[in-house]
Amino acid sequence: MNDSELMVLPLVVRIERATPPERTDAMEAAATAVLSLLDDPGEWVAELHDWEVTGKIRKVVRRARGAEWRRAVALPGRTIEHRTAEVRVHPPVPLDAWPRDLARLQVSGTELTDTAEPGPATPPILWANPGLSMSAGKAMAQAGHAAQLAWWVSDAAERAAWRAAGLAVSVRTAAGDAFAEKIAAGLPVVRDAGFTELEPGSCTFVAEAPWLYGRVARS
């Protein structure tokens, strides 16, 4: 497969100078945005199919503010508002054929922080690897990957319950050896392709919910 055949899922996070979102809120919004598209692709069924059948679930997060954000919202897509964060997911596009108003947005250097400790986590929980350092944009994409893997291995009843809960997720950083233990428990784990920031094969996120244990081959 060459680059012209690759598809990518564009995500745009709104970052206004005076009111940037909390990092955790942005990651959770990105994951929920991905789930929203998977659950109900609407008019973008064909684009979603073409993206998924490549075997790659590449996502790119770009940032926008002001007029940039308004132009992004004017394009086909869906906006998820989650506490302090707004993330817009657009239908998958060929890697080399982004809409101009998305292609011109910045992708690197997206940095966000949490000004307060996130509240209690409720499943599904997407656990970040405590041993890796990722930009906010990278972490948002990886959280989206984890949510997608969890969705894929969930059955119809589990998806229905998740849908009834608003497709909500919690994103947290695992502590100590807990991350490796969750991988060993057969939970969905994201292994990075190594396009940006991380070494290929790096385990970035694990998705945990009561119904997800043992769903994938144990490492």
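Burial within strand β2 (residues 59-64) is extensive, with five of its six residues counted as buried. Sheet analysis places strand β1 (residues 7-14) next to β2, joined by six bridges and oriented parallel. Looking at β2, one finds that Arg 14 is bridged to Ala 64.

Core analysis: the biggest nonpolar cluster contains 56 residues, and Leu 126, Met 140 and Phe 205 have the highest contact counts within it. Of the residues forming this core, the biggest block, ten residues, is contributed by helix α1 (residues 23-39). Not counting chain neighbours up to four residues away, the residues in contact with Leu 126 comprise Ala 31, Ala 143, Ala 146, Ala 147, Val 169, Ser 170, Val 171, Arg 172, Phe 205, Val 206 and Ala 207. With ten residues, the next largest nonpolar core counts Val 8, Ala 64, Ala 72 and Val 93 among its residues.

This paragraph deals with the pairing of strand β4 (residues 85-89). Summarising burial for β4: four of the five residues are buried, a large majority. With three bridges connecting them, β1 and β4 associate as antiparallel partners. Across the sheet, the residue bridging to Val 13 is Val 87, located in β4. With five bridges connecting them, strand β3 (residues 78-82) and β4 associate as antiparallel partners.

Conventions we followed
- Residues numbered from 1 in each chain as written.
- Predicted model: local features only at pLDDT ≥ 70, side-chain atom pairs only at ≥ 80, totals over all residues.
- Heavy atoms only, no water.
- Buried < 20%, exposed > 50% of the residue type's maximum accessible area, 1.4 Å probe, protein only.
- Helix = DSSP H or I, 4+ residues; strand = E, 2+ residues; numbered from the N terminus.
- Pairing = 2+ DSSP bridges.
- Core = buried A, V, L, I, M, F, W, Y, C linked by side-chain atoms within 4.5 Å.
- Contact = heavy atoms within 4.5 Å.

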